[in-house]
Amino acid sequence: METLERYLAEHAFFQDIEPAYLKILVGCASNVKFQPGEFLFHCAEEANSFYLIRHGRISVELFAPNRGAVTIQTLGPGDLLGWSWLIPPYRWHYDAKALELTRAIALDGKCLRNKCESDHSLGYDLMKRVSYILNQRLEATSLQLLDVYGYGK
Amino acid sequence: MLVQPMLPVPYVVDKVRQETHDTFTLELNQPGTKAGFSFLPGQFNMLYVFGVGEVPISISGDPLAPRPLVHTTRAVGTVTAAMRKLKRGDMLGVRGPFGTHWPIEQATGDDIILVAGGIGLAPLRPVLYHVLAHRSSYGKVVLLYGTRSPADILFQKELEVWRGRFDIEALVTVDRSSDHWRGNVGVVTNLIRRAGFDPHHSTAFVCGPEVMMHFTVLELGRRGVPDNRVFVSMERNMKCAVGFCGHCQYGPTFICKDGPVFRFDHIRWLFGKREV
Amino acid sequence: MFVIEREHFQALLEALHQRGFETLGPTVRDGAIVYDRVERDTDFPIGWTDEQEPARYTLKRRSDQAMFGYVVGPHSWKKFLFPPRERLWSAAKNGNGFSVMPEPDHSRPLALIGVRACELSALAIQKKVFTGGPFVEPGYQSRAEKLFVVALNCGTAGGNCFCVSMQTGPQATAGFDLALTEIIDADRHYFVVEAGSQAGTDILNDVPHRQAEKVEQQAAVTVVEQTANRMGRKLETEGIKELLYRNFEHSAWEEIANRCLSCANCTMVCPTCFCSTVEDVTDVTGDHAERWRRWDSCFSVEFSYIHGGPVRSTTSSRYRQWMTHKLASWIDQFGTSGCVGCGRCITWCPVGIDLTEEVHNIRASERTANKQ
């Protein structure tokens, strides 16, 4: 438990978090490991957790029948994977696959949702952290959309 | 200082190398002399194809091995398309070098962050050559390179060498993946979060499309790299390269002589404004 | 101060010819006063004046026989020093290679006659652009070195003049070899002359002249004072750089763009606009190539083209570029405004856009905003 708390505190996502919150969060956390090629989750499955990646690399993919699996983004150490646990109907919209041996901390979404409901200060803190990441992903997506390395018009 | 800055000097093409489907590298030598072409990393030349026209192209070679003169560019217009058809032994006009350089001398002792987008890797390669030749003068060296797809990756062989070195962290990402790509997918700004550097003792050199540089500077700022330690290379239409023709104005600056390399806080007030 | 009588003006032209100068000055052609070769005093626009308003220029007969009784026309002197089209070099193919030949210096000594104070400033500004930086434009420098300038202190102000605002006139203070003030009394017509250089004194010595009397000197002062009080427009220049930099994003640019035709007239008539482009050409055999430079304008869409498209695709961005460059960023680039207050851009704008009014509007909008 102590190591888990330390891992949480060390992860970029929880930078400068109140130790008291950490104590609450660690109750919802567990260490996980994925083998190369192993799926963390599949599209349309219930989204009950999210992952703080410690080592390794994950690809976030969409499967299109005529194109096969298309990688939208790869994530690595320090990154957060998944926020569908926070937003109804709590289902994944992508597939996530480990590209190499990946170690992460999984946080139980249901457990976290309950804690956030009963402690709105914790909830707000967490929301700020998630929205920061959401904003970064949105920026990245718009940059990707622009196809900036193409020929322009 | 050039005595006749408007006159192209004929150089002979020694080598042409296709880099990707639309980019190529030219190695040039001045006939009748063994002298090399002195330049500073980040500077550019005006290259003239006989009877076709002239375009500004950054120098992509090693500043410490100035012979041959090396240029890497993308065939996008009439002149660069004609340039791509050149063969060994053909001649090309060269005017230069022009413009400001990446201030590597000011960055001594710092961690060096190079962020390149697309063809923007070409003007940053001379920095990498310099830094690797003076490796002990710098802290950590990080190369973050983003491009459109795996097929668009420039200098593939060299990148593999750099990625194999222990004294440099070279990360590559592509916007769009392909079947055989096992590397990172996503925009280059994603790599900034992952790279190991000390934001408070770093100098960042950024080169790529304006939008990419915009988000890169933003992300560097989030990690704590101040704007006055970030340098960007700007692009505008350049015709004369010596400040006479007015085409390359960017606010009060002339990209050809006040740039192309700018300290970011000096142009922040213009950056991102529409149609400047 | 000296006096040259009107009947000896021809002697001034002859003195310049004697010393090998090609004499260039104002002359009437196609309903306007333009600058061209002048051989005799009768080539000058004797008895003519011009009336100017936004988008309007009309030649009118004067009641007297003044030689310089007009303001400024569509031409400026820049065309003689910075030709509208000029070959920069030629190249010839040999085997796989080619050789480049610089353009020989064809420049001849030029005497510009009737250069207004605002135009002297314009000449000085362009000289700074082409010879004041790390690189020197050899053609410009060669022509500028051989120049003889006969300035003219303005005896009349045009409807679009604002040199007083720009502190460039109407009195010529520097940059001339000789400066004339034309005086027409009821019974006399003469020029009060000031020499600004040794070359000027030398020419003056070849022309019948005498010391000016006090009344004559006073008459010259009065003429310029009257002109200064009759400026057609004014431009408040205080803090103008910051004003325009602050207002990169302003509804005024869109509003102007609704009228602006992007015709580039303002840049062609402006005596300081210096933008150019180059054309690379070959002959039919493909063995001979040349590079030509010609005047360009920031109002053309191609001007800002980089691969993929133009940086300034809208008229509003191009007008903003022109005006902000002229009145603001020029100060950062060359330590002086790019505007000399000659009013040509107002007169020759087909829709009469008046930059003094546009600056005033932007300034006024800030005042209104501050009050609210």
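Residues numbered from 1 in each chain as written. Chains lettered and ligands numbered in written order. Predicted model: local features only at pLDDT ≥ 70, side-chain atom pairs only at ≥ 80, totals over all residues. Heavy atoms only, no water.

Residue and element names in this part refer to chain B. Entries for chain B in the domain assignment read domain 1 (9-98) and domain 2 (104-272). The straight-line distance from the C-alpha centre of domain 1 to that of domain 2 is 22 Å. Tallying the contact residues gives 26 residues for domain 1 and 24 residues for domain 2. Contact between domain 1 and domain 2 buries roughly 1800 Å² in total, counting both sides, with carbon and sulfur atoms accounting for 68%. The tally of links between domain 1 and domain 2 comes to 0 salt bridges. Seen at the junction of domain 1 and domain 2, the total is 4 residue pairs in polar contact (both at pLDDT 80 or more). Put simply, the parts of the chain that give the side of domain 1 that touches domain 2 at least two residues each are strand S2 (23-29), strand S3 (44-49), strand S4 (53-58), strand S5 (69-74) and strand S6 (91-98). (Domains from an automatic or database assignment. Contact = heavy atoms within 4.5 Å. Buried area = accessible area lost by both parts, 1.4 Å probe. Salt bridge = Lys/Arg side-chain N within 4 Å of Asp/Glu carboxyl O. Polar contact = N/O pair within 3.5 Å; in protein donor to acceptor, adjacent residues only side chain to side chain. Helix = DSSP H or I, 4+ residues; strand = E, 2+ residues; numbered from the N terminus.)

Okay, the nonpolar core next. Across soluble globular proteins, you tend to see nonpolar side chains buried next to one another. Counting residues in each nonpolar core, the largest one holds 129 residues, and the members touching the most others are B:Leu144, C:Tyr319, C:Trp322 and C:Met323. Ranked by residues supplied to this core, first place goes to helix H3 (residues 117-131) of chain C with 8 residues. Aside from chain neighbours lying at most four places away, what touches C:Trp322 is C:Cys266, C:Thr267, C:Cys273, C:Cys298, C:Phe299, C:Cys345 and C:Leu355. Within the second largest apolar cluster, 32 residues are counted, among which are B:Leu128, B:Val131, B:Val141 and B:Phe155. (Core = buried A, V, L, I, M, F, W, Y, C linked by side-chain atoms within 4.5 Å. Buried < 20%, exposed > 50% of the residue type's maximum accessible area, 1.4 Å probe, protein only.)

Now for the interface of chain B and chain C. Listed by partner, the interface residues are 43 residues for chain B and 52 residues for chain C. When chain B packs against chain C, close to 4000 Å² is buried across both sides, 62% of that on carbon and sulfur atoms. It is B:Phe50, B:Phe244 and B:Glu275 that lose the most area in chain B upon contact with chain C, and together they represent 22% of the buried surface on that side. Counting across the interface, chain B meets chain C through 1 salt bridge. In this structure, the salt-bridge partner of C:Arg291 is B:Glu54, at a minimum N-O distance of 2.8 Å. Taken together, the links from chain B to chain C amount to 19 residue pairs in polar contact (both at pLDDT 80 or more). Residue assignment for the side of chain B that touches chain C shows that the elements contributing at least two residues are S4, S6 and strand S14 (253-254) of chain B. For the side of chain B that touches chain C, the leading source of residues is S6(B), giving 5 residues. Looking at side-chain class alone, the side of chain B that touches chain C contains 21 nonpolar, 12 polar and 10 charged residues. (Nonpolar A, V, L, I, M, F, W, Y, C, P; charged D, E, K, R; others polar.)

Turning our eyes to something else, we now look at the state of the cysteines. What the rule picks out here adds up to 1 disulfide over all chains. For A:Cys28, the disulfide goes to A:Cys111, at an S-S distance of 1.9 Å. Between A:Cys28 and A:Cys111 the sulfur-sulfur dihedral comes to about -65°; the bridge is accordingly left-handed. Here A:Cys28 is found in the loop between helix H2 (19-26) and strand S1 (29-34), whereas its partner A:Cys111 is found in helix H3 (residues 109-118), with 83 residues between them in sequence. Of the residues examined, A:Cys28 reaches a relative accessible area of 6% and is grouped as buried. No disulfide involves B:Cys207; its sulfur sits 16 Å from the nearest other cysteine sulfur, which is in B:Cys248. For B:Cys207, a relative accessible area of 8% translates into the label buried. (Disulfide = S-S within 2.5 Å.)

Let's shift gears to the pattern of salt bridges. Scanning the model with the defined rule gives 56 salt bridges over all chains in all. The salt bridge involving B:Asp265 is made with B:Arg263; its shortest N-O contact spans 2.8 Å. The residue C:Arg143 makes a salt bridge to C:Glu86 at a minimum N-O spacing of 3.1 Å. One end of the pair, C:Arg143, is in helix H4 (residues 138-145); the other, C:Glu86, is in strand S6 (residues 85-94), and 57 residues separate them in sequence. The buried category is assigned to C:Arg143, whose relative accessible area is 12%. The exposure class of C:Glu86 is buried, given its relative accessible area of 13%.

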